[in-house]
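Topology and contacts: notes
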Amino acid sequence: MHVMILGGGVVGVTSAYYLAQAGHQVTVLERQPGVGLETSFANAGQVSPGYSAPWAGPGIPVKALKWLMMRHRPLVLWPRLEPRLYGWLARMLANCTEDAYRRNKGRMVRLAEYSRDVLRDLRAETGIAYDHRERGTLQLFRTQKQLDHVGDDTRVLDAYGVPYEVLDPAGCIAAEPALARVSGVVVGGLRLPGDETGDAHLFTKALAGLCTELGVTFRYGARIAGLQEAGGRIEAVMLEDGTRLTADSYVAALGSFTPALLRPLGIALPVYPVKGYSLTLPITDADAAPVSTVMDETYKVGITRLGDRIRVGGTAELAGFSDVLRAPRRETLERSVTDLFPQGGDLAHASFWTGLRPMTPDGTPIVGGTRIANLFTNTGHGTLGWTMACGSGRLLADLVSGRTPEIASEDLAVSRYAA
Ligand SMILES: Cc1cc2nc3c(=O)[nH]c(=O)nc-3n(C[C@H](O)[C@H](O)[C@H](O)COP(=O)(O)OP(=O)(O)OC[C@H]3O[C@@H](n4cnc5c(N)ncnc54)[C@H](O)[C@@H]3O)c2cc1C
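Along every chain, residues carry numbers that run from 1 in the direction the sequence is written. Local features in a predicted model are, by the rule used here, given only for residues with pLDDT of at least 70; side-chain atom pairs are given and counted only at 80 or more, and totals for whole chains, interfaces and linings are based on all residues. With hydrogens and water set aside, each side-chain value is computed from the structure's full complement of heavy atoms.

It suffices for a single heavy atom of a residue to lie within 4 Å of a molecule or strand for the residue to be listed as near it. The immediate surroundings of the ligand are formed by 33 residues, with Glu30, Ser40, Gln46, Gly382 and Thr387 found nearest. At 3.2 Å from an oxygen atom of the ligand is found a side-chain nitrogen or oxygen belonging to Thr39. One of the side-chain N or O atoms of Ser40 is found 2.5 Å from an oxygen atom in the ligand. All accessible-area figures derive from a Shrake-Rupley calculation using a 1.4 Å probe, and residue coverage is judged against the displayed protein chains alone. Considering the ligand on its own, with 1,000 Å² of exposed area, one finds that the protein chains cover 96% of that surface. Numbering of helices and strands runs from the N terminus; a helix is a DSSP stretch of H or I covering at least four residues, while a strand is a stretch of E covering at least two. Of all elements in the fold, only helix H1 (10-21), strand E14 (272-282), strand E18 (351-359) and helix H11 (385-401) reach the threshold of two or more residues within the shell around the ligand. Residue type decides the class: Asp, Glu, Lys and Arg count as charged, Ala, Val, Leu, Ile, Met, Phe, Trp, Tyr, Cys and Pro as nonpolar, and the leftover types, Gly among them, as polar. Partitioning the shell around the ligand into residue classes produces 12 nonpolar, 16 polar and five charged. Taken together, domain 1 (2-41 + 202-271 + 363-417) and domain 2 (50-95 + 134-195 + 272-359) each give at least three residues to the shell around the ligand, which thus spans both. Polar contact is defined as a pair of N or O atoms within 3.5 Å, subject to the rule that within protein one atom must be able to donate a hydrogen and the other to accept it, and that residues adjacent in sequence are counted only when both atoms are side-chain atoms. Just so you know, the domain bounds were taken from an automatic or database domain assignment.

Structure, rendered in structure tokens:
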């Protein structure tokens, strides 16, 4: 079967790899000159099944109001006349109940844990390298109040059997020795030893190389304009330059841009672009840099070591498809890394980046078939697209191939929104 993947981010490329492995002819269409150059380019680098949870949860509406008021705010809402945004926010609020949280978290943990296992298998089989580390992640508390609430998280971790350690300041320093250099900042932490880290862009490029060896064709500079449907099937992809391309099956993996492609076909995907920012600094003193990821709970910023660089990522900005780099967001990232790892990296030589997380209101990605028999989606991975990419690609390949997937998947398809 010839399968056409629309979009060459980390999710499109993992889909391509597992489809090619399953014996299909695969073509990837990507508008950029290479893979992983949009949202998958400079994310915070966490492969973190332990933190797989929807944003929508009990108590979040009140917390969100507080976050919006902070000087270095982790959440920014631009007042916009955009009905789509308010519809999406309303659906997110509807998911802030105990029941919805439990259901959504269960789906996300299932996919994220599977994904980590698939990634480990891939590493073992191919030796793929992407500045990865298997050193866990540390959520760092700067206030007693944050530490006092750790039970909210550990109860959930217990329920899903995720291993963790609650640490005092000495324990945090044992996990991240550079924290010994800052005084009066660390009150405690929650460490998830099963989490990993790595550079999603390096991974996507390396995996695209393995795809090419398996015979996958990559067409760069291919700007997709629309899909042609006839008789309940997709017949062709139309590019902006008028080129018409055909295949047997199609996988929509355009991240935040997927809804616009499928809307004319009557398929409504509740995916909104949630903007985030990152800084990448060269390490100047390896002993003063993080060992793995430190999640600064106060600013919701992730600080990760990636080879000889430190990646600092965070902020959720609801601002449509804007790619403007805003100075106050940079200040928040700088504040976090300067407080925790002041001598680790060189901020003067940092690169500043922004990307659009493809977020669903229930936090769960949309992986599976659609009402059109030969059209599949693999999108909506939000804050956890790197964490879930390998599992989503493998699952998608099984579904397209008509094989029974290794995890339950009915509740991951777009049809769940019809219920
Ligand atoms: C600041 C930040 C930090 C993050 N940190 C983490 C983290 O630590 N861990 C984690 O798991 N996740 C993290 N994420 C989320 C993760 O990066 C995303 O979920 C993931 O990259 C989404 O991958 P994707 O392939 O779906 O989308 P993308 O990478 O955006 O890929 C979609 C591709 O489709 C292409 N495309 C779009 N429209 C068209 C068109 N019309 N024609 C042709 N091509 C098109 C684009 O060029 C793009 O390459 C973070 C995100 C941000 C912004």
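From this point, things continue past the structure.
So, about the pairing of strand E11 (residues 233-239). As paired elements, strand E10 (residues 224-230) and E11 share six bridges and run antiparallel to each other. Paired with Leu227 across the bridge in E11 is Val237. For two strands to be treated as a pair, DSSP must find at least two bridges joining them. Here two bridges tie E11 to strand E12 (residues 244-245), and the two strands are oriented antiparallel to one another. What sits directly across from Val237, in E12, is Leu245. If you look at the hairpin formed by E11 and E12, you'll find four residues sitting between the two strands, and Gly242 has a positive phi there, around 95°.

For the protein chain, the domain assignment lists domain 1 (2-41 + 202-271 + 363-417) and domain 2 (50-95 + 134-195 + 272-359). We call two residues contacting when some pair of their heavy atoms lies within 4.5 Å. Every contact between the two is made by 21 residues of domain 1 and, on the other side, 19 residues of domain 2. Once two parts are joined, some of their accessible surface, as seen by a 1.4 Å probe, is lost; buried area is that loss totalled over both. Across the domain 1/domain 2 interface, buried area totals approximately 1,500 Å², and carbon plus sulfur atoms make up 61% of it. Any carboxyl oxygen of Asp or Glu that lies within 4 Å of a side-chain nitrogen of Lys or Arg is treated as forming a salt bridge with it. Scanning the region where domain 1 abuts domain 2 turns up zero salt bridges. Grouping the amino acids of the side of domain 1 that touches domain 2 by side-chain chemistry returns nine nonpolar, 10 polar and two charged.

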